[in-house]
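# Summary of structural features
As a plain string of letters, each chain reads:
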Amino acid sequence: MKRRNSIVSRVFTALVFLFLYAPIFLLIVFSFNRGNSNVVWSGFSLDWYRELFRNRLIMRSVYTTLLVSLLATAIATVAGTFAAIGFYSLRRRSRNLLNTVNNIPMMNADIVTGVAMCLFFVAFFTFWSDFAIWFNGVQGLIVLPERLTLGFGTLLIAHVTFNIPYVILSVGPKLRQMDKNLVDAAMDLGCTWMQAFWKVILPEIKPGITSGALTAFTMSVDDFIISYFTAGSSSSTLAMTIYGMTKKRVTPEINAISTLLFITVLALLVVVNLREARAERRGEEHRPVSSRFSQFFDTPRGRRLRRGAAGALAACFLAAVVLLTGATNAQPVVNVCSWGEYIDEDLITQFEEETGIIVNYQTAESNETLYSLLKSGAGDYDVIVPSDYMISQLIEEDMLSELDFSQIPNYALISDRFKGLTYDPEERYSVPYAWGTVGIIYNETMVNEPVTSWSVLFDDQYAGNVLMFRNSRDAMATALGYLGYSLNTTDEAELREAFQLLKDAKNRGVYQSFVMDEIFQKLEGGNAAIGVYYAGDYLTMRENNEDLCFAVPEEGSNWFMDAMCVLKDAPHYDEAMAWINFIASTEANLANMDYLWYGSPNQEALEQYPAYYQELYEEELDQADYDIIAAPPEVLDRCEAYLVLPFETRQLYNELWTELGI
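In this convention, every chain numbers its residues from 1, walking through the sequence in written order. In keeping with the predicted nature of the model, local features appear solely for residues at pLDDT of at least 70, side-chain atom pairs appear and are counted solely at 80 or more, and the whole-chain, interface and lining totals rest on all residues. Excluding hydrogens and water, the side-chain figures rest on all heavy atoms present in the structure.

## Some points on the overall build of the protein chain
The line we're drawing: Every helix listed is a DSSP run of H or I at least four residues long, and every strand listed is a run of E at least two residues long, numbered separately from the N terminus. For each residue, the accessible area found with a 1.4 Å probe, counting protein chains only, is set against the maximum for its type, and the residue is called buried under 20%, exposed over 50%, and partly exposed in between. Contacts are assigned to residue pairs that have any heavy atoms within 4.5 Å of one another.
The helix and strand tally for the protein chain stands at 26 helices and 10 strands. The buried share of the protein chain, reckoned over its 662 residues, is 48%. Residue pairs at least 24 apart in sequence account for 73% of intrachain contacts in the protein chain once pairs closer than 6 positions are excluded.

## Notes on the pairing of strand E7 (residues 530-534)
Which entries qualify depends on this criterion: For two strands to count as paired, DSSP must find a minimum of two bridges between them.
Counted residue by residue, E7 has 5 buried out of 5 residues, so it is predominantly covered. When strand E4 (residues 431-443) meets E7, the two strands line up antiparallel, connected through 5 bridges. Opposite Ile440, over in E7, you have Val532 as the bridge partner.

## Regarding empty space enclosed by the protein
Stated formally: Space inside and on the surface of the protein is sampled on a 1 Å grid over the protein atoms alone, with a cavity defined as a set of points where a 1.4 Å probe fits but cannot get out and a pocket as an open set with protein on both sides within 12 Å along at least 5 of 7 lines; lining residues have an atom within 4 Å of a point. Grid points are joined across faces, edges and corners, and a volume is the space filled by probe spheres set on the points. Classification convention: Asp, Glu, Lys, Arg as charged; Ala, Val, Leu, Ile, Met, Phe, Trp, Tyr, Cys, Pro as nonpolar; all other residues, Gly among them, as polar.
For the coordinates displayed, the defined rule picks out 4 cavities of 30 Å³ or more. Taken as a whole, the largest cavity spans an internal volume of roughly 60 Å³. For the lining of the largest cavity, the leading source of residues is helix H17 (residues 472-483), giving 3 residues. Residues belonging to the lining of the largest cavity are distributed by class as follows: 6 nonpolar, 4 polar and 1 charged.

## Focus on the pattern of salt bridges
The condition that has to hold: What counts as a salt bridge is simple: a side-chain nitrogen of Lys or Arg found within 4 Å of a carboxyl oxygen of Asp or Glu.
All told, the structure shown has 12 salt bridges when counted by the stated rule. Note that Glu352 and Arg60 form a salt bridge whose closest N and O atoms lie 3.3 Å from each other. Of this pair, Glu352 sits in helix H14 (residues 345-355) while Arg60 sits in helix H3 (residues 56-88); the two residues are 292 residues apart in sequence, bridging distant segments of the chain. Here Arg60 falls in the partly exposed class, since its relative accessible area comes to 28%. Three or more residues joined by partner-sharing salt bridges are found here, namely Glu402, Glu426 and Arg428.

## Things to note about the packing of H17 against helix H18 (residues 492-507)
We count it as follows: For helices, the axis comes from a line fit to the C-alpha atoms of the stretch in contact; other axes are also lines fit to C-alpha atoms, and the angle between any two N-to-C directions lies between 0 and 180 degrees. When describing relative orientation, an angle under 35 degrees is termed roughly parallel and one over 145 degrees roughly antiparallel, while 65 to 115 degrees is termed roughly perpendicular and anything else oblique.
Where H17 contacts H18, the axes come no closer than 9 Å and their chain directions differ by 105°. Judged by the angle between their axes, H17 and H18 are roughly perpendicular. Residues Ala475, Met476, Thr478, Ala479, Leu480, Tyr482 and Leu483 of H17 form the contact with H18, whose own contacting residues are Glu494, Leu495, Glu497, Ala498, Phe499, Leu501 and Leu502. Grouping the amino acids of the contact of H17 with H18 by side-chain chemistry returns 11 nonpolar, 1 polar and 2 charged.

## Considering the pairing of strand E5 (residues 466-469)
In this structure, E5 lies alongside strand E6 (residues 511-515), joined through 4 bridges in parallel fashion. Bridge pairing links Phe469 to Val515 in E6. As paired strands, E5 and E7 are joined by 2 bridges and run parallel to one another. Paired with Val466 across the bridge in E7 is Ile530.

## Things to note about the nonpolar core
Put simply, the rule is: Among the buried residues, those of types Ala, Val, Leu, Ile, Met, Phe, Trp, Tyr and Cys that are joined through side-chain atoms within 4.5 Å form a nonpolar core.
Among the nonpolar cores identified, the biggest contains 142 residues, and Ile384, Ile530, Trp579 and Ile580 are the most heavily contacted of them. It is E4 that contributes the most residues to this core, 8 residues altogether. By size, the runner-up hydrophobic cluster in this structure holds 20 residues, among which are Ala84, Val171, Met178 and Ile205.

## So, the side chain of Asn136
Inclusion rule: For the purposes of these results, a polar contact is taken to be a pair of N or O atoms within 3.5 Å, where, inside protein, one atom must be able to donate a hydrogen and its partner to accept one; residues adjacent in sequence count only when each atom of the pair is a side-chain atom.
One can find Asn136 in helix H5 (residues 110-138). In this structure the side chain of Asn136 is engaged in a polar contact, spanning 2.8 Å, whose partner is the backbone nitrogen of Leu144. When near neighbours in sequence (up to four residues on either side) are disregarded, Asn136 contacts Ile142, Val143, Leu144 and Glu146.

## What to know about the packing of aromatic side chains
Where we set the bar: Between rings of Phe, Tyr and Trp, where Trp is taken as its six-membered ring, a pair exists when centres lie within 6.5 Å; planes separated by under 30 degrees are stacked, by over 60 edge-to-face, and by other angles tilted. Only when the NZ of Lys or the CZ of Arg is both within 6 Å of the ring centre and within 35 degrees of the ring normal is a charge said to sit over the ring.
Following the criterion strictly, the structure yields 38 aromatic pairs and no others. Here Phe121 and Phe125 contribute two aromatic rings whose centre-to-centre distance is 6.3 Å and whose plane-to-plane angle is 20°, an arrangement assigned as stacked. Of this pair, Phe121 and Phe125 are both found in helix H5, 4 residues apart, which corresponds to roughly one turn of the helix. For the pair formed by Phe121 and Phe125, the shared burial category is buried. Centre to centre, the rings of Phe351 and Phe582 are 5.4 Å apart; their planes meet at 55°, and the pair counts as tilted. Here Phe351 is found in helix H14, whereas its partner Phe582 is found in helix H21 (residues 573-583), with 231 residues between them in sequence. For Phe351, a relative accessible area of 1% translates into the label buried. Note that Lys419 overlies the ring of Tyr411, its terminal NZ or CZ placed 4.6 Å from the centroid.

## Details of the side chain of Ser585
Of note, Ser585 is situated in the loop between H21 and helix H22 (586-596). Assessed through its relative accessible area of 10%, Ser585 is described here as buried. Apart from the residues within four sequence positions on either side, Ser585 is in contact with Asn410, Leu413 and Asn602.

## A short note on the environment of Ile168
For Ile168, the position within the fold is in helix H6 (residues 152-177). Judged by relative accessible area, which is 7%, Ile168 ranks as buried. Distance in space between the C-alpha atoms of Ile168 and Gly212 is 7.5 Å, their sequence separation being 44 residues.

## So, the environment of Ala605
As for its placement among the helices and strands, Ala605 is situated in helix H23 (residues 603-617). Taking the C-alpha atoms as reference points, Ala605 and Ala588, 17 residues apart in sequence, are found 8.8 Å from one another.

## Observations concerning unusual backbone geometry
Its identity is not glycine, yet Trp597 carries a phi of approximately 65°, on the positive side. For Trp597, the position within the fold is in the loop between H22 and H23. One non-glycine residue, Glu618, lies in positive phi territory at about 60°. For Glu618, the position within the fold is in the loop between H23 and helix H24 (623-629). Using a relative accessible area of 72% as the deciding quantity, one classes Glu618 as exposed.

## Side note on H5
The periodicity of an α-helix, 3.6 residues per turn, causes residues three or four positions apart to be oriented the same way. Selection criterion: Multiplying 1.5 Å by the residue count of a helix minus one yields the expected span of that helix.
Compared with the 42 Å implied by 1.5 Å per residue over 29 residues, the 42 Å span of H5 between its first and last C-alpha is a close match. Of the positions making up H5, those classed as buried are Thr113, Gly114, Met117, Cys118, Phe121, Phe125, Trp128, Ala132 and Asn136. Taken together, the buried residues of H5 touch H6, helix H9 (225-230) and helix H15 (367-376).

## As for a nonpolar patch on the surface
Our working rule: Patch membership is restricted to residues that have no salt bridge and whose relative accessible area is over 30%. Joining uses 9 Å for like charges and 5 Å for the nonpolar side chains Val, Leu, Ile, Met, Phe, Trp and Tyr. Working definition of accessibility: Shrake-Rupley area with a 1.4 Å probe, residue cover restricted to the visible protein chains.
Among the surface-exposed residues, Phe12, Val16, Phe17, Phe19, Leu20 and Tyr21 lie close enough to one another that they form a single nonpolar patch of about 670 Å² accessible area. Note that Val16 resides in helix H1 (residues 2-30). Take Val16: its relative accessible area is 34%, and that puts it in the partly exposed class.

## So, the confidence of the model for the protein chain
Note the cut-off: Residue-level confidence of the predictor is what pLDDT reports, using numbers from 0 through 100.
Put simply, the protein chain has an average pLDDT of 85, and 89% of its residues get 70 or more. Taken together, the stretch residues 284-297 has pLDDT below 50 and engages in 8 contacts with residues farther than four places along the chain or on a different chain. Below a pLDDT of 50 lies the segment residues 324-328, which in the model reaches 5 contacts outside its immediate sequence neighbourhood of four places, other chains included.

## A short note on the packing of H17 against helix H26 (residues 647-660)
Across the interface, H17 lies against H26 with an axial gap of 10 Å and an inter-helix angle of 85°. In terms of axis orientation, H17 runs roughly perpendicular to H26. For the pair formed by H17 and H26, the contact residues are Ser472, Arg473, Ala475, Met476 and Leu480 on the first element and Tyr653, Leu656 and Trp657 on the second. Grouping the amino acids of the contact of H17 with H26 by side-chain chemistry returns 6 nonpolar, 1 polar and 1 charged.

Dropping the structure here:
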């Protein structure tokens, strides 16, 4: 019986470890994949590791993450240690109360902490602006900056704030284990309190301080949510960068950096465990410090040297921080927010080299997420790339600046058919960036006949094999299109009919899941037969699964335009104009068109792309593929662009979407 239980226990343990580490193993394996898929193996390659170290966005975010983590760890460790000592000196009731208060931030949800800190900073900046205007008006000797924004400073403050409780939690138990009489005895023998701290308290609590510092560093490196709400537009941590990259797809480049992080952590654990094992074998936990060295630092000269060295190190540390942050701030910058993997990153490097302007590039998940960031004050961007209907809404709410087209000569290259569209009829606020269509992507080996209608999205014969949009506007559009209604209808009866169509199909099990970028893995791996998504992304998926096909339904669909806009009171307006003009050039549009597989609004780029493709890949571009990238007039004629909906209609959308339970 015992042997049987032992076998069951071992099998169960093996299954647990398999469940924990199989995903990591898969991630490591596909970091060496020659292709860009996580489900289709194309052969062994180290290309993604080379791409990783050439990726300026990742390398810059690594630098920011390490700098913030090290600074936050140092500050939080010192502050938390002295706070723990202060708690230790209090009476039990007061100490317990403060410990309870200290535990609240650790138990509190990160999303609550992040939003709260963002709102606090925004409120403080508003107060500061009013104060600075008044202060500068009553005197002229000192000029205070009138505008403060989220950035490296607020990110550092946030990290220090949420790290201090972890240090207190680690140091507190060591203080409680220490004999209180030791400090009194040392002071009775003539020690000052600081001498007692260095000679008595510190050696006793050093393991707790080390543990707290390691915890603080780990929490800083790992944090995403709080950083997301407090970093602003000029700083991006590694977690934020990886999150932005995964909005399009999880590429082997992300697998590569995740593999390196895993190996680094594993190596640290091995080193620590080996050192502890070696210390146990030797019967010692710490090596004694040389008595001569210790005696020297007990002399007046040694104490002065110790204090001077500590002061010099602190000064060098602060000077390095000031120089590093100052060097960054001294350079002209432009803060850009777009969508995940929505630009050829070589263009960013090229722009920086040509102009000397640093590009802080961040991404948003959707138009609605971008709008929420802007309204909360967390998104202090210069240039944003919203979609057509969102541009209309931002114009209505007076959130955009008019563009200085004298600084954007490349606007003349934009095709006339993409100018003066309904979202910006007077051509004052936007420059088109890219356009495309929404259609049905299907696996021809898993359907009975070629797809031509929205009806397949509601057909029971494909139950469990259909992927639907996980955003209300696009999902409702598929149902409205199938029913023959306008995609911009405000009629409540029509909207409820479309909602009921979606709800019934969901209840019948037609939809495998509601997705956004998860559609890449599912369709590439043959895990679903049909999905609805964007034309350019279909061509990316087809590179990993040649059985996939694309169709714009005969009932019509949505065609969309994303355009570059500048926010009201953008802090780097001229730099924003330079960026927009650069991206609007023919060369940039050709590179972007090849990278994105979306249509270019630049007339020259549209005409030159087939030749550009042939020169780059030494083969002709298939006309069918070009028609998917840049839909011909006969396709666009049956498509409809989104318009901004009235507030009441947007509320109805939210209510129906909530009722759908997605």
